[in-house]
Amino acid sequence: MRSIRGVALALALLLGTAAHGANLQISPVSISFQPGQNSAGIQLQNNGDTPLYGQVRVYAWDQRDGVDALTPTTELVASPPIIEIAAKSSQTIRLVRRGAGPATAPGGAEQTYRILIDELPRGDNLQGNVAIRLQYSVPAFVLPNNTQAAPALEWSTFQRAGAWHLRARNGGALHAQIGATSVKVGNREVVLSKGLLGYALAGRTRDWPLPAEVASALPAPLAIDTNVNAKSQSAKAAVAPD
């Protein structure tokens, strides 16, 4: 089993039109496969003055017990898996779907993956320990056949090991990309995130710990202002029953 040892590990959940590392630019930063589409590409641009080396790995992306879970998969294949990009040059990573998964069935929920792009020091032969300099995580979605599919979020607060958490339960057939989010309890308003808070995948739940200034006022109803798939939403979070 290969172990991964991070030297200066930085996991970037990439949004927008492009993402930048020290010298690496990635575009696009989120992949959406339309129904029936079997391939897509990611362009890597090396803006530096020296060659860039790395590896590309693909994982099935799920959520269990309120947190992300990644499992190696061959349902989506990245080619080439090992990259060497000359200075001031670019390379395209091709993503190819293998076979038809449950998301291609009528009414099925989307399939979700993450492509991890690891920047490695020059001369690392990928045998034994791998010293990762930087790591980028690009989400990939295989959209369902139902073009009307949408996320359906229900919010709640709950205690775990004495700490208060916020939970988003997505009962829809499409992921919810949850952006800038603030909460209000009583007269106290707190910003949880000015940018990406995270994702609640279709049919899954995602949890986040609440800061002390919010937790100290709970249990109480919580008002939420957020952006879901780039659209503003307001909601209420009830206290979950024990």
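Our structure is the block above this text.
All values derive from a computational prediction rather than experimental measurement. (Residues numbered from 1 in each chain as written. Predicted model: local features only at pLDDT ≥ 70, side-chain atom pairs only at ≥ 80, totals over all residues. Heavy atoms only, no water.)

### Details of the overall build of the protein
Along its length, the protein carries one helix and 22 strands. The burial tally for the protein puts 43% of its 242 residues in the buried class. Pairs at least 24 apart in sequence give 63% of the contacts found in the protein among residues at least 6 apart. A total accessible area of about 12,200 Å² is found for the protein, and carbon and sulfur atoms account for 50% of it. (Helix = DSSP H or I, 4+ residues; strand = E, 2+ residues; numbered from the N terminus. Buried < 20%, exposed > 50% of the residue type's maximum accessible area, 1.4 Å probe, protein only. Contact = heavy atoms within 4.5 Å. Areas by Shrake-Rupley, 256 points an atom, 1.4 Å probe, with all protein chains shown as cover.)

### Looking at the pattern of salt bridges
The final tally for this structure, using the stated rule, is six salt bridges. Ionic pairing is found between Asp118 and Arg57, a salt bridge with its closest N-O pair at 2.6 Å. Separated by 61 residues along the polypeptide, Asp118 in strand S12 (residues 111-120) and Arg57 in strand S7 (residues 52-64) bring together distant segments of the chain. With respect to class, Asp118 is no different from Arg57; both count as buried. Arg204 serves as the salt-bridge partner of Asp62, at 2.5 Å between the closest nitrogen and oxygen. Placement of Asp62 in strand S7 and of Arg204 in the loop between strand S19 (198-200) and strand S20 (205-209) is noted, with a sequence separation of 142 residues between them. The class for Arg204 is partly exposed, based on a relative accessible area of 33%. What you see here is one network of salt bridges that share partners, running through Arg160, Arg167 and Asp207. (Salt bridge = Lys/Arg side-chain N within 4 Å of Asp/Glu carboxyl O.)

### Brief notes about the nonpolar core
Among the nonpolar cores identified, the biggest contains 24 residues, and Ile42, Leu44, Leu95, Ile115 and Ile117 are the most heavily contacted of them. In terms of residue count, the dominant contributor to this core is strand S14 (residues 134-142) (five residues). If we skip the residues at most four places from it in the chain, Ile42 touches Ile26, Ser27, Pro28, Ile31, Gln91, Thr92, Ile93, Leu95, Ile115 and Val138. Counting residues in each nonpolar core, the second largest holds 22 residues, with Leu153, Trp164, Leu197 and Ala220 among its members. (Core = buried A, V, L, I, M, F, W, Y, C linked by side-chain atoms within 4.5 Å.)

### What to know about the pairing of strand S22 (residues 231-239)
By the bridge criterion, three bridges tie strand S15 (residues 153-160) to S22 in an arrangement that is parallel. Each residue of the ladder has a partner; that of Ser156, found in S22, is Ala238. Where strand S21 (residues 222-228) lies against S22, seven bridges are found, and the strand directions are antiparallel. Following the sheet pairing, Val228 is matched in S22 by Lys231. (Pairing = 2+ DSSP bridges.)

So far we have only geometry, and geometry alone does not tell us how the molecule works.
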